Amino acid sequence: MKIWLDGGLQDIESARVSVFDHGLTVGDGIFETVKAVDGRPFALTRHLDRLTRSARGLGLPDPDHDEVRRACAAVLEANPMPLGRLRVTYTGGHGPLGSDRGEHGPTLVVALGETTRRPDSTAVITVPWTRNERGALTGLKTTSYAENVVALARARERGASEALFGNTVGQLCEGTGSNVFVVLDGEIHTPPLASGCLAGITRALAIEWTGAEETDLPLDVLERADEVFLTSTLRDVQAVHRVDDRELPGAPGPVTAKAMRIFEERSGDDLDP
Ligand code: PLP
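Remember, predicted model here, so these are calculated numbers, not experimental data.

Analysis parameters
Residues numbered from 1 in each chain as written. Predicted model: local features only at pLDDT ≥ 70, side-chain atom pairs only at ≥ 80, totals over all residues. Heavy atoms only, no water. Helix = DSSP H or I, 4+ residues; strand = E, 2+ residues; numbered from the N terminus. Buried < 20%, exposed > 50% of the residue type's maximum accessible area, 1.4 Å probe, protein only. Near = heavy atom within 4 Å. Polar contact = N/O pair within 3.5 Å; in protein donor to acceptor, adjacent residues only side chain to side chain. Areas by Shrake-Rupley, 256 points an atom, 1.4 Å probe, with all protein chains shown as cover. Nonpolar A, V, L, I, M, F, W, Y, C, P; charged D, E, K, R; others polar. Phe/Tyr/Trp six-rings, centres within 6.5 Å; stacked < 30°, edge-to-face > 60°. pLDDT = per-residue confidence, 0-100. Pairing = 2+ DSSP bridges. Contact = heavy atoms within 4.5 Å. Axes fitted to C-alpha atoms, helices over the stretch in contact; angles between N-to-C directions. Lys, Arg positive; Asp, Glu negative; His and termini not counted. Salt bridge = Lys/Arg side-chain N within 4 Å of Asp/Glu carboxyl O. Patch = residues over 30% accessible without salt bridge, like charges linked within 9 Å, V, L, I, M, F, W, Y side chains within 5 Å.

**Q** Can you lay out unusual backbone geometry for me, pointing to particular residues and giving the numbers?
**A** With an omega of 0 degrees, the peptide bond between Ala251 and Pro252 qualifies as cis. With respect to the helices, strands and loops of the structure, Pro252 is situated in the loop between strand 15 (246-247) and helix 6 (254-266). You will see that Ala43, though not glycine, has its phi angle at about 55 degrees, which is positive. You can call Ala43 buried: its relative accessible area is 0%. Not every positive phi belongs to a glycine, and Asp244 is a case in point at roughly 50 degrees. With respect to the helices and strands, Asp244 occurs in the loop between strand 14 (236-243) and strand 15.

So this is what it looks like as structure tokens:
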């Protein structure tokens with residue numbers, strides 16, 4: 001397996017970053033997960049734009065889009081696979097043992113893992129911990145993901161594949177690695193960005209392609225929604241058949257099934273050549 005580090009391809013066994021890299025010591029970094037179908041990245045321009053937004057939010061230098069594109073292409077060419085997940089990581093770089101950044105420039109790593117298509121439906125849980133809709137990192141895709149790791153582990157213990165968070169004012173927000181949509185009386189709704197959720201790229205496409213509304217939703221909407229679905233780079237549109245103890249028989253329901261079909265038909269549109 002070859003990855004991209006320090007401006008070129010390296011063997012994963014011998015590639016090294018500093019043990020004082022701020023991505024490791026203080027979680028000072030950002031990332032993108034990009035789907036690659038037959039070696040072609042999906043929605044790469046949108047991912048690069050979000051990477052830049054996250055970098056600016058953290059005060060990191062703007063990532064060089066040309067380099068990230070070259071890195072993705074090189075890693076994909078070196079590791080052919082039918083369905084891959086590119087992981088672009090960009091950190092504050094080597095620094096002192098504290099929160100101040102060092103003089104070194106940032107670290108860019110691009111790696112690739114093989115992945116498989118997700119099942120059409122899944123179970124989710126809700127967790128009692130809240131997303132902060134007004135934090136310094138809200139809406140940024142940072143490597144500070146430990147809260148998501150804890151919540152996802154809780155979901156796995158309960159036979160679910162995702163954990164959903166509310167925010168500090170009791171509204172539905174998002175999952176550990178996905179955005180959430182609900183169907184009420186035939187209309188699709190998803191929490192607005194002001195809820196504190198990440199501006200998911202799949203979320204944006206789903207809103208564009210299905211006409212879903214951005215709506216403030218109380219967390220207990222999950223107890224009465226006719227249908228629930230998740231969106232993410234690796235799930236695309238995935239129906240939910242259980243929320244905590246509530247079964248949603250027949251998932252994907254008709255509205256979700258239509259969204260899945262639209263996504264399937266259109267998601268070839270934004271593959272890099
Ligand atoms: N929310 C969080 C916290 C995420 O980490 C992700 C993706 O990893 C998403 C939402 C979905 O975003 P996207 O559709 O861009 O993958």
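Read on for the rest.
**Q** Could you give an account of the site of the ligand, with specific residues and numbers?
**A** Around the ligand, the structure places 16 residues, and the nearest of them are Lys141, Tyr145, Glu174, Thr202 and Thr233. Thr202 is positioned such that a nitrogen or oxygen atom in its side chain is 2.6 Å from an oxygen atom of the ligand. Within the complex, the protein chains bury 94% of what would otherwise be the 380 Å² of accessible surface of the ligand. Those elements giving two or more residues to the shell around the ligand turn out to be strand 9 (172-175) and helix 5 (201-210). For the shell around the ligand, a count of residues per class yields 3 nonpolar, 9 polar and 4 charged.

**Q** I'd love a proper account of the packing of aromatic side chains, names of residues and values included.
**A** Note on aromatic pairs: each is described by the distance of the centres and the angle between the planes. If you walk through the whole model with that rule in mind, you get 3 aromatic pairs. Considering the side-chain rings of Phe31 and Tyr145, the 5.0 Å spacing of their centres and the 85 degrees angle between planes classify their relative orientation as edge-to-face. With Phe31 in strand 3 (residues 29-37) and Tyr145 in the loop between strand 7 (121-131) and helix 4 (146-157), this pair connects stretches of sequence that are 114 residues apart. Phe31 sits in the buried class, given a relative accessible area of 5%. With centroids separated by 4.8 Å and ring planes inclined at 10 degrees, the aromatic side chains of Phe181 and Phe229 adopt a geometry described as stacked. Of this pair, Phe181 sits in strand 10 (residues 179-184) while Phe229 is found in strand 13 (residues 227-232), placing the two residues 48 residues apart along the sequence. Given a relative accessible area of 0%, Phe181 falls into the buried group.

**Q** Report on the confidence of the model for the protein chain, specifying residues and quantitative values.
**A** The predicted model of the protein chain has a mean per-residue pLDDT of 96, with 100% of residues at 70 or higher. The complex model carries a pTM of 0.97, and its ipTM stands at 0.99.

**Q** An account of the sheet that holds strand 4 (residues 40-41) is needed here, citing residue identities and associated values.
**A** Taken in spatial order, the 6 strands line up as 2-1-6-5-3-4 in an open sheet, and their pairing is antiparallel. Every other strand in the sheet has two partners, leaving strand 2 (8-11) and strand 4 as the edge strands with one partner each. The pairing of strand 3 with strand 5 (residues 83-91) spans 9 bridges and is classified as antiparallel. Counterpart to Ile30 in the pairing with strand 5 is Tyr90. Along the sheet, helix 2 (residues 44-58) contacts strand 3, strand 4 and strand 5; its crossing angle with strand 3, the most-contacted strand, is approximately 175 degrees.

**Q** I'd love a proper account of the side chain of Asp21, names of residues and values included.
**A** Relative to the helices and strands, Asp21 is located in the loop between strand 2 and helix 1 (22-25). No salt bridge forms around the buried Asp21; measuring N to O, its nearest opposite-charge neighbour Arg101 is 9.1 Å away. A distance of 2.8 Å separates a polar side-chain atom of Asp21 from the backbone nitrogen of Gly23. At a separation of 2.6 Å, a polar atom in the side chain of Asp21 contacts the side chain of Thr91.

**Q** Quick one: what's the story with a nonpolar patch on the surface, residue by residue and with numbers?
**A** A contiguous nonpolar surface patch, about 450 Å² in accessible area, is contributed by Val19, Phe20, Leu24 and Leu97. For Leu97, the location among the structural elements is in the loop between strand 5 and strand 6 (107-114). Residue classification places Leu97 among the exposed positions, given a relative accessible area of 68%.

**Q** Can you lay out the pairing of strand 5 for me, pointing to particular residues and giving the numbers?
**A** The element strand 5 is extensively covered by neighbouring structure, given that 7 of its 9 residues are classed as buried. Here strand 5 pairs with strand 6 via 8 bridges, running antiparallel. Across the sheet, residue Val88 finds its bridge partner in strand 6, namely Val110.

**Q** Please set out the pattern of salt bridges residue by residue, giving values where relevant.
**A** Here the structure, examined in full by the defined rule, presents 13 salt bridges. The partner of Arg117 in a salt bridge is Asp120, with the nearest N and O atoms 3.8 Å apart. On the basis of relative accessible area, Arg117 is assigned to the exposed category, the value being 53%. Residue class for Asp120 comes out partly exposed when judged on its relative accessible area of 40%. A network of salt bridges, in which partner residues are shared, links Arg117, Asp120 and Glu264.

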